[in-house]
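Coordinate analysis (summary)
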Amino acid sequence: MTVQGEILVSRHCPNSWQAVAATVPEHCRVVGAAIEACCGAADFAEELIQKAGWSVDLAIPASFRG
């Protein structure tokens, strides 16, 4: 999603940091990401932080007001 709220990508992908990072169009820069706080989410977030260089927050979907 852009700063203006335009959705650039919305799709299912395999549960790996490589697959998630690959969904971002090449011309885009990731400023931050949020993932659902569930079993395994902390490890997944850490992979995105360490290996993809993203800033990641864990979120509870019911409380997110994007």
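Just so you know, these numbers come straight off a predicted model, no measurement behind them.

**A word on the overall build of the protein chain**
- Across its full length, the protein chain carries two helices and two strands.
- Ordered by position from N to C terminus, the α and β elements of the protein chain give α-β-α-β.
- Over its C-alpha atoms the protein chain spans a radius of gyration of 12 Å, differing by no more than 12% from the 11 Å that the globule rule assigns to 66 residues.
- Projected onto its principal axes, the C-alpha coordinates of the protein chain cover approximately 30 × 25 × 20 Å.
- With 66 residues in all, the protein chain has 20% of them scored as buried.
- A separation of at least 24 residues holds for 37% of the contacts in the protein chain among residues at least 6 apart in sequence.

**As for the environment of proline 25**
- You can see proline 25 is positioned in the loop between helix H1 (17-22) and strand S1 (33-36).
- Given a relative accessible area of 23%, proline 25 falls into the partly exposed group.
- For the pair proline 25 and serine 63, spaced 38 residues apart in sequence, the C-alpha separation works out to 28 Å.

**Some details on the nonpolar core**
- Membership of the largest hydrophobic core is limited to 10 residues, which are Trp17, Val20, Ala33, Ile35, Ala41, Phe44, Ala45, Leu48, Trp54 and Val56.
- Looking at this core, the elements with two or more residues in it are H1, S1 and helix H2 (41-52).
- If one sorts the elements of this core by residue count, H2 sits on top with four residues.
- Excluding residues within four positions of it along the chain, valine 20 makes contact with Cys13, Pro14, Phe44, Leu48 and Trp54.

**As for the pairing of strand S2 (residues 56-59)**
- Bridge count for S1 against S2 is four bridges, and the pairing is parallel. Counterpart to isoleucine 35 in the pairing with S2 is leucine 58.
- In this view, the connection linking S1 to its parallel neighbour S2 by way of H2 has right-handed handedness.

**Here we look at the environment of aspartate 57**
- With respect to the helices and strands, the residue aspartate 57 is situated in strand S2.
- Exposure remark for aspartate 57: the relative accessible area of 51% places this residue in the exposed category.
- Ignoring any residue separated from it by four or fewer positions in sequence, one finds aspartate 57 in contact with Ala33, Ala34 and Ile35.

Thresholds applied
- Residues numbered from 1 in each chain as written.
- Predicted model: local features only at pLDDT ≥ 70, side-chain atom pairs only at ≥ 80, totals over all residues.
- Heavy atoms only, no water.
- Helix = DSSP H or I, 4+ residues; strand = E, 2+ residues; numbered from the N terminus.
- Rg over C-alpha atoms; globule rule 2.2 N^0.38 Å.
- Buried < 20%, exposed > 50% of the residue type's maximum accessible area, 1.4 Å probe, protein only.
- Contact = heavy atoms within 4.5 Å.
- Core = buried A, V, L, I, M, F, W, Y, C linked by side-chain atoms within 4.5 Å.
- Pairing = 2+ DSSP bridges.
- Right-handed = clockwise from strand over helix to strand, strands pointing away.

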